[in-house]
Amino acid sequence: MKKYVCDMCGYVYDPAAGDPDGGIQPGTAFENIQADWVCPACGAGKDSFSPVS
């Protein structure tokens, strides 16, 4: 599973860790996160993330 980085603040979403505080279980692919999820660091929308190459 790919990691994704927030273009606004640099937070990296790692599917292996998920975002437990945001209700995202470890092992959840970025593509499977609900559309209204926001960056836990800065609050940017999911559309502000880009795949880590």
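Residues numbered from 1 in each chain as written. Predicted model: local features only at pLDDT ≥ 70, side-chain atom pairs only at ≥ 80, totals over all residues. Heavy atoms only, no water.

1. Some points on the sheet that holds strand β1 (residues 4-6)
Moving on, step 1. The three strands are arranged β2-β1-β3 in an open sheet whose pairing can be described as antiparallel. The open sheet has two free edges, formed respectively by β2 (12-13) and β3 (49-51), since each of these has just one partner strand.
Moving on, step 2. The pairing of β1 with β2 spans two bridges and is antiparallel. Following the sheet pairing, Tyr4 is matched in β2 by Tyr13. (Pairing = 2+ DSSP bridges. Helix = DSSP H or I, 4+ residues; strand = E, 2+ residues; numbered from the N terminus.)

2. Here we look at the environment of Phe30
Moving on, step 1. For Phe30, the position within the fold is in the loop between β2 and β3.
Moving on, step 2. Remark: the alpha-carbon pair of Phe30 and Gly18, spanning twelve residues in sequence, is separated by 8.7 Å.
Moving on, step 3. Phe30 has contacts with Tyr4, Tyr13, Trp37, Lys46 and Phe49, leaving out every residue within four places of it along the chain. (Contact = heavy atoms within 4.5 Å.)

So yeah, pure geometry; function would need other evidence.
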